[in-house]
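# Working through the structure, step by step
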Amino acid sequence: MTPPPEPLPFPDSLCHRCAAPPKYVQTRTSTFILCPLLPQKYAPQPVRACHLFRPAPPPGSGPG
Ligand code: SF4
């Protein structure tokens, strides 16, 4: 997974806690949150409700 950038764009967005997981696309001036599940790829931020949201597993609980 792409590590979250600093500073996090829209820190209160649901996407940051989503198991999708979103990708962070960085340009020189901005960071965009790319959703792998949405047909339109970029949800209007900050996402506060999403029918595709599933909570990401807590850090350290991955396979292995
Ligand atoms: S599924 Fe919804 S909450 Fe999850 S990354 Fe995509 S837009 Fe964000």
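First, a word on what this report is: a plain description of the structure on this page. (Residues numbered from 1 in each chain as written. Predicted model: local features only at pLDDT ≥ 70, side-chain atom pairs only at ≥ 80, totals over all residues.)

### Points about the overall build of the chain
Where we set the bar: The secondary structure listing takes helices from DSSP runs of H or I that are at least 4 residues long and strands from runs of E that are at least 2 residues long, numbered from the N terminus. This radius of gyration counts C-alpha atoms alone. The globule rule is 2.2 Å times how many residues there are, raised to the power 0.38. Between the buried cut of 20 or more and the exposed cut of 12 or fewer other C-beta atoms within 10 Å of a residue's own C-beta lies the partly exposed class, and all C-beta atoms are placed from the backbone. Any pair of residues counts as being in contact when their C-beta atoms, constructed from backbone geometry, are within 7 Å of one another.
When its secondary structure is counted, the chain shows zero helices and two strands. At 12 Å, the chain has a C-alpha radius of gyration in line with the 11 Å of a compact globule built from 64 residues. Along the three orthogonal principal directions, the C-alpha set of the chain runs to about 35 × 25 × 20 Å. When each of the 64 residues of the chain is scored for burial, the buried share is 9%. In the chain, 42% of the contacts between residues at least 6 apart in sequence involve partners at least 24 apart.

### What to know about the site of the ligand
This is how the line gets drawn: In this analysis, residues qualify as near a molecule or strand once their C-beta atom, positioned from backbone atoms, comes within 6 Å of it. Amino acids are sorted into nonpolar (Ala, Val, Leu, Ile, Met, Phe, Trp, Tyr, Cys and Pro), charged (Asp, Glu, Lys and Arg) and polar (every other residue, Gly among them).
For the ligand, the set of nearby residues contains 13 residues, the closest of which are Cys15, Cys18, Cys35, Cys50 and Leu52. Of the residues belonging to the shell around the ligand, the class tally is 13 nonpolar, no polar and no charged.

### Some thoughts on the environment of Thr31
Topologically, Thr31 is positioned in strand β2 (residues 31–34). A sequence separation of 26 residues divides Thr31 from Pro5, and the C-alpha atoms of the two residues are 7.9 Å apart.

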